[in-house]
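Chain by chain, the residues run as shown.
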Amino acid sequence: MVQFSLSKQQKMIKDEVARVVRDLVVENAHDMDESGEIPPETLQKIWELGLCISQVPETYGGFGLAASPLENVLAIEELAYGDVSVAVAALLPSLFIVPIMEMGTPAQQEKFLPLACTENYPGLTLALNEPAIGFDPVRLNTTATRDNGAYVLNGTKCLVPYAARASHILVAAAADGENRLFIVENGTSGLSVGEREKNMGLAALETFGVSLENCRVPEENCLAPGENTGYETVLSRARTAMAALGTGLVRASYDFARQYAKTRQQFGEPIGCRQAVAFTVAEMAYETDALRFMTWRAASSLEAGNDAKRHSYLAKLYADEMTTKLTDYGVQVLGGHGYIRDYPVERYYRNARGIGNFEALAIV
Amino acid sequence: MINLEPDEKMVNVQGSMRQMAESIFRPVARKYDEKEHTYPHELDMFKNIPVMGGSRKKKDSAKDDKKKKQKSGMGQNLSTVVTIEELAWGDVGLLLTLPNAGLGNASIAAVATDDQMERFGNKWVAMAITEPEAGSDSGSVSTTAELDGDEWVLNGEKIFVTCADRCDAVVVWATIDPSAGKSGIKPFVVEKATPGLTLDHLEHKLGIRASDTGTLVFNNCRIPRDNILGSSEIKKNTEGFKGVMKTFDNTRPMIAAMSVGVARAALDFTRQQLEAHGYQIDYDLKPVNVSSIQNTFYKMEAHLEAMRLLTWRAACMADEGETNNVEASMAKAKAGRYGTLITQQCCELLGPLGYSRQHLAEKWMRDSKILDIFEGTGQIQHLIVARNILNLSSTQLK
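Residues numbered from 1 in each chain as written. Chains lettered and ligands numbered in written order. Predicted model: local features only at pLDDT ≥ 70, side-chain atom pairs only at ≥ 80, totals over all residues. Heavy atoms only, no water.

Below, the discussion takes up the overall build of chain A. Helix and strand counts for chain A stand at 10 helices and nine strands. Taking 2.2 N^0.38 as the reference for a compact globule, 364 residues should give roughly 21 Å; the C-alpha atoms of chain A span a radius of gyration of 20 Å, in line with that estimate. For chain A, the residues scored as buried account for 61% of the 364 residues in total. Approximately 13,800 Å² of chain A is accessible, and the part contributed by carbon and sulfur atoms is 49%. (Helix = DSSP H or I, 4+ residues; strand = E, 2+ residues; numbered from the N terminus. Rg over C-alpha atoms; globule rule 2.2 N^0.38 Å. Buried < 20%, exposed > 50% of the residue type's maximum accessible area, 1.4 Å probe, protein only. Areas by Shrake-Rupley, 256 points an atom, 1.4 Å probe, with all protein chains shown as cover.)

Below, the structure is given as C-alpha cells:
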C-alpha cells in the first residue's frame, strides 16, 4: 500500500540519527569545513550507532538485522542535513560492506566482513570515480586483466575517501567486458595513494587520487566473478544514496533560507514579505519534498527486492539538478551574506556540485 | 511505513482506467478538439459513475475513509488521483466534461445536507465562482443573493464556468452582505431551468476544447431558501469562507493529477517516436554522456515522477484525515508548471511531428496550459505555500 508516513522503527532511526547530528555536527560543520578535518571522535560516535553493520550477520560481528534501504535513506538524509562530508565519511564502510553482502561469495563474506565489524571505525573505502571528462560508472577506464590466477589492475581513480588510512579498498574496473569490483589490500604493490585532493567543496572529507599500475590481485578477490556481476544493483543502491545525500543537503539550505527570510528586515519588513523571496523559498520547500520522495521511490523498489534501475537513475538525475539549483537559491535569498563563509549556505552550494559530479559516495 | 511502490490494487486500478482511457477517450480526443462545443455523446455511459469526489459521499467522512482504506488498502483520495491521471492521459478535455462529475458535485458531496443530497446528488453540477472583476481574488465576488420571503434572489455574472452548457445545476458563489467581505460569501445551488438564469455565451479556448466553458448571467434569479449550501449565518471571522475553500484542498491534487496524466501522454508518445528512430531510453549512461534529446527526455521523466509523488502525498494525507492545504498547493504548483513545460518540450523534441495536428502532441501542449491556471494559478499556489511556511498573513505577504 502506498504510504508516506514513517513506521515507528523508521521514525526511531531517523530521530536517533538526527539527535547525534544536532549534538555533534550542525554547530561544528563550519569549522570542519575550514580545517578540512572531521574529528575522529565524531566519526566514532556515529559509528557506534551501528548504521553500517546492522545488516551484517551476527556470525561476522554484525547485528544480523534485515537490510532496509528505506531506513538507510532516512539516516543518510539526517546526516547530510548536518554535513555532507560527515555523512560520506561516517557511512563510508558501507561502500565496502554492502557490495560484499550483495555480491560476495560466502568465502569473501567470511574473510572480509569481520574487518568491518569492529569496535572502532574501520578503514574501508571504495575507489570508483575516475578523473576523466564525462566519467561514467558504466564505462570504466580502469581495467582488470586475467593473468595466471590473478587480476592485473591498471588505471587512475579519484575522490577516494580516506584512501590513505584504509586497510582495504574496493576498486571498480572493467574485466572481460564487464564492470566488476575487486578487493584490494592497501599496500599491494602497484597501488599507490596520491596526495590529498583539494576540492571546491566536501572540504572536511579527506579524499585521494589512487593509481593502479600492474597491481596484481588474487582471483578470489573479484566480487561475483561469474556472469551476474551485481554491479548494476550496486549502482542503483549508490544512486539512491546520492539522492538521499542531496535531500539532506537541500533541506539544510531550505531551512536556513526560510529562517532568514522570516527574520531579515529590509524596507521595514521581513524580506519574506516580498513575493520574489517568498516564492523562491516556496519552491525550495516543495522541491526538497519532491527530491525526498524521488529517493523514497527508488528505495521502496529496493526494499521490495524489485529492479530499481529506472527509479534510482531518475532520483540521482533529479538530485543533480535540484541540489545545485536549490542551494543556489539558498545563497541568493541571503544576498551578499550568502556569499560569506560565516553563513552555511555557501558551503551547501559548494557541496551540491559534488553530489552532481560524482557517483557512489554512499550506498543503501 | 513508507512505501512508494504501487501494490497490486493500485496497479489494477491504473490498468483498468488506462484501458478505458485508451478505448473511449483517445479515439475521439482529436474529434472533440476540432468540434468545439459539441457534446461528446460517447461519454453518456459515465452518467452513473462517480468520479469527481464521489457523488454519493457523505460529509465528515475522513474517519470512514480511513476505515475503508484499511479494508481495501487504498484510500479514496489516492484512488481518485490515480484514476484521474489515467483518464487525463486519455484526454483531459473529455475528463473535464464527464457527466455528473462537475466541481459543483465535489462541493455538494462535501457540504450538502441529506435533503440537498437527495435533490442534487444525481445531477451534473457545475461550479461558478469567477467573475469579470473577481479572478484569483475570489473573496471579492460581487454577485448578490438577497433573501425575499422564502427565496433567494440572485443577481450577477459568472464567467469561465466549466460545463456551463451541459450541467443540470450550478453552485454559485454570491454574497448575502457585501459589507461583510469574505464572510458574507455563500454557495447556492441553482438549477439550470430556473427563470433568470441564462447562458450568455461559450468561450473559444486554447485547449480543453471538448469542455464547454461559458458565462452565466443571473438576473433576478429566484431559488428556494434551502438551496444555500451550509449556514446562512454571517460569522465575524472568515471560517465559513475558509470552509468552502477547503473543497479546493481536495480538488487541487486532482488538477495536479490531470497535469501528470497529460504530461505522461506527451512523454509516452515522444518515447515511442524516439525509440522508433533509434534512440535508446535505457537509463544506462550518465545524463552527461547521452544525446541532448535523451538527456532532455530523462529530465522530463524525473520531473514527471516528482509531480506524481507530490500529488500522491497530498492525496494520502487527505486519506489519513490530515490537513493537506499546503501539500495540495505544492502538488499543484509543481505539476501545473512542469506539466506545461514537459508538453512544450515534447513538442520541441518532436519537431514537425510536434507541431502537426495529425498527432496529439500539439494538443497536449495546449491542453496542459490550463492546469497551471484554473483552480488557483501557479502563482496563487506559491502564495499559499509561502504564507504557510513563512508564517505570514495575507496582509503581510500579498
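Looking only at helices and strands, chain B has 13 helices and seven strands in total. A compact globule built from 398 residues would reach a C-alpha radius of gyration of about 21 Å, and chain B, at 21 Å, matches this within 12%. In terms of overall dimensions, chain B has a C-alpha envelope of 75 × 45 × 45 Å along the principal axes. Residue pairs at least 24 apart in sequence account for 74% of intrachain contacts in chain B once pairs closer than 6 positions are excluded. As presented, chain B carries roughly 16,300 Å² of accessible surface, and 50% of it is formed by carbon and sulfur atoms. For chain B, the centre of its 48 positive side-chain charges and the centre of its 52 negative side-chain charges are spaced 3 Å apart. (Contact = heavy atoms within 4.5 Å. Lys, Arg positive; Asp, Glu negative; His and termini not counted. Charge placed at Lys NZ, Arg CZ, Asp CG, Glu CD.)

The next subject is the nonpolar core. Grouped together as the largest cluster of nonpolar side chains are 199 residues, with contacts concentrated most on L181, L245 and V333 of chain A together with F25, L78, M258 and W312 of chain B. Residues in contact with L245 of chain A, not counting those within four places in the same chain, are I76, A80, V84, A87, V88, I355, L361 and A362 of chain A. Of all hydrophobic cores here, the second largest spans 21 residues; its members include A145, C163, A164 and V190 of chain B. (Core = buried A, V, L, I, M, F, W, Y, C linked by side-chain atoms within 4.5 Å.)

To continue, consider the interface of chain A and chain B. Between chain A and chain B, the contact holds 57 residues from the first and 48 residues from the second. Taken together, both faces of the contact between chain A and chain B bury some 4,900 Å²; the carbon and sulfur share is 63%. If you sort the residues of chain A by the area they bury against chain B, M1, V2 and Y286 of chain A come out on top, with a joint share of 16%. Connecting chain A to chain B are seven salt bridges. K309 of chain A is the salt-bridge partner of D284 of chain B, the closest N and O atoms lying 3.4 Å from each other. (Buried area = accessible area lost by both parts, 1.4 Å probe. Salt bridge = Lys/Arg side-chain N within 4 Å of Asp/Glu carboxyl O.)

Another aspect to go through is the packing of helix α9 (residues 309–334) of chain A against helix α10 (residues 345–357) of chain A. Residues and elements named next belong to chain A. With their axes 8 Å apart at the nearest point, α9 and α10 run at an angle of 165° to one another. Here α9 lies roughly antiparallel to α10, going by the angle between them. When the axes of α9 and α10 are compared, the crossing they make is left-handed. Taken together, the residues of α10 that come into contact with α9 (itself represented by K316, D320, T323, T324, T327, D328, G330, V331 and L334) are V345, E346, Y348, Y349, A352, R353, I355 and G356. (Axes fitted to C-alpha atoms, helices over the stretch in contact; angles between N-to-C directions. Parallel < 35°, antiparallel > 145°, perpendicular 65-115°, else oblique. Left-handed = near helix turned anticlockwise from the far one by under 90°.)

Here we take up the domain arrangement of chain A. Residue and element names in this part refer to chain A. Assigned domains within chain A: domain 1 (8–116), domain 2 (124–221) and domain 3 (231–357). Here the C-alpha centre of domain 3 lies 21 Å away from the C-alpha centre of domain 1. Taken together, the contact pairs 24 residues of domain 1 with 27 residues of domain 3. With both chains or domains summed, domain 1 and domain 3 bury close to 2,200 Å², and 59% of this area falls on carbon and sulfur atoms. (Domains from an automatic or database assignment.)

For the rest of this paragraph, the subject is the side chain of K286 of chain B. Mapped onto the fold, K286 of chain B is located in the loop between α8 (247–276) and α9 (292–319). Discounting chain neighbours no more than four positions away, the residues touching K286 of chain B are F135, D136, P137, Y313, G356, N357 and E359 of chain A.

Now for the pairing of strand β5 (residues 185–191) of chain B. Residues and elements named next belong to chain B. Of all seven residues in β5, six are buried; the element is thus mostly enclosed. Alignment of strand β4 (residues 169–175) against β5, held across seven bridges, turns out to be antiparallel. Its bridge partner being in β5, A169 is matched across the sheet by E191. (Pairing = 2+ DSSP bridges.)

Another aspect to go through is the confidence of the model for chain B. Residue and element names in this part refer to chain B. For chain B, the mean per-residue pLDDT works out to 91, and 92% of the residues sit at or above 70. Residue range residues 53–60 is modelled with pLDDT below 50. Its contacts to residues more than four positions away, or to other chains, number 16 contacts. Here the predicted complex carries an ipTM of 0.97, next to a pTM of 0.96. (pLDDT = per-residue confidence, 0-100.)

Bringing unusual backbone geometry into the picture now. All names here are of chain A. At N148, a position not held by glycine, the phi torsion is positive, near 55°. Within the secondary structure layout, N148 lies in the loop between β2 (143–147) and β3 (150–161). Even without being a glycine, Y162 presents a positive backbone phi close to 55°. Mapped onto the elements, Y162 comes out in the loop between β3 and β4 (168–175). Residue Y162 is classed as buried on the basis of its relative accessible area, which comes to 4%.

It is worth spelling out the pattern of salt bridges at this point. As enumerated under the stated definition, the model contains 57 salt bridges over all chains in all. A salt bridge links D289 of chain A to R313 of chain B, with the nearest nitrogen and oxygen atoms 2.9 Å apart. Note that D289 of chain A is positioned in helix α8 (residues 275–303) and R313 of chain B in helix α9, a pairing that runs across two chains. Take D289 of chain A and R313 of chain B: they sit in the same class, and that class is buried. The network of salt bridges with shared partners includes R310 of chain A together with E85, E86, R264, D268, R271, E301, E305 and R308 of chain B.

In the structure shown here, the tally under the stated rule is zero disulfides over all chains. No disulfide involves C117 of chain A; its sulfur sits 9.8 Å from that of C52 of chain A, the nearest cysteine. (Disulfide = S-S within 2.5 Å.)

Moving on, we come to helix α1 (residues 8–34) of chain B. In this model, α1 of chain B (27 residues) spans 38 Å end to end at C-alpha, consistent with the 39 Å of a helix rising 1.5 Å per residue. Of all the bends in α1 of chain B, the largest measures some 45° and sits at F25 of chain B, one to four residues before the proline P27 of chain B. (Expected span 1.5 Å × (residues − 1). Bend = angle between axes of the 7 residues up to and from the residue.)

Residues and elements named next belong to chain A. In total, this model carries 13 aromatic pairs over all chains according to the counting rule given. Between Y260 and Y343, the ring centres sit 6.3 Å apart and the planes meet at 90°, which makes this aromatic pair edge-to-face. Of this pair, Y260 sits in helix α7 (residues 231–263) while Y343 sits in the loop between α9 and α10, and the two are 83 residues apart along the sequence. In this structure Y343 comes out as partly exposed when scored by relative accessible area, which is 25%. Lying across the ring of Y162, R165 places its NZ or CZ 4.4 Å from the centre. It is R251 that lies over the ring of Y81; its NZ or CZ is 4.0 Å from the centre. (Phe/Tyr/Trp six-rings, centres within 6.5 Å; stacked < 30°, edge-to-face > 60°. Lys NZ or Arg CZ within 6 Å of the ring centre and 35° of its normal.)

Another point: the environment of I223 of chain B. Residues and elements named next belong to chain B. Relative to the helices and strands, I223 is located in strand β7 (residues 213–224). Separated by 34 residues in sequence, I223 and V189 place their C-alpha atoms 8.2 Å apart. Non-local contacts of I223, meaning those with residues more than four positions away in its chain, are made with D150, E151, W152, L154, F188, V189, V190 and T194.

Here we take up helix α5 (residues 84–103) of chain A. Residues three or four positions apart in an α-helix share a direction because the helix packs 3.6 residues into each turn. Residue and element names in this part refer to chain A. Here α5 spans 27 Å end to end across 20 residues, near enough to the 28 Å set by a 1.5 Å rise per residue. Along its length, α5 reaches its greatest deviation from straightness, about 45°, at L91, and the proline P93 lies no more than four positions downstream. Most of α5 sits out of view: 18 of its 20 residues are buried.

With that settled, consider the pairing of strand β1 (residues 125–128) of chain B. Residues and elements named next belong to chain B. Along β1, one buried face is formed by V125 and M127 and the opposite face, lined by A126 and A128, is buried too. Where β1 lies against β4, four bridges are found, and the strand directions are parallel. Looking at the pairing, V125 lines up with A169 of β4.

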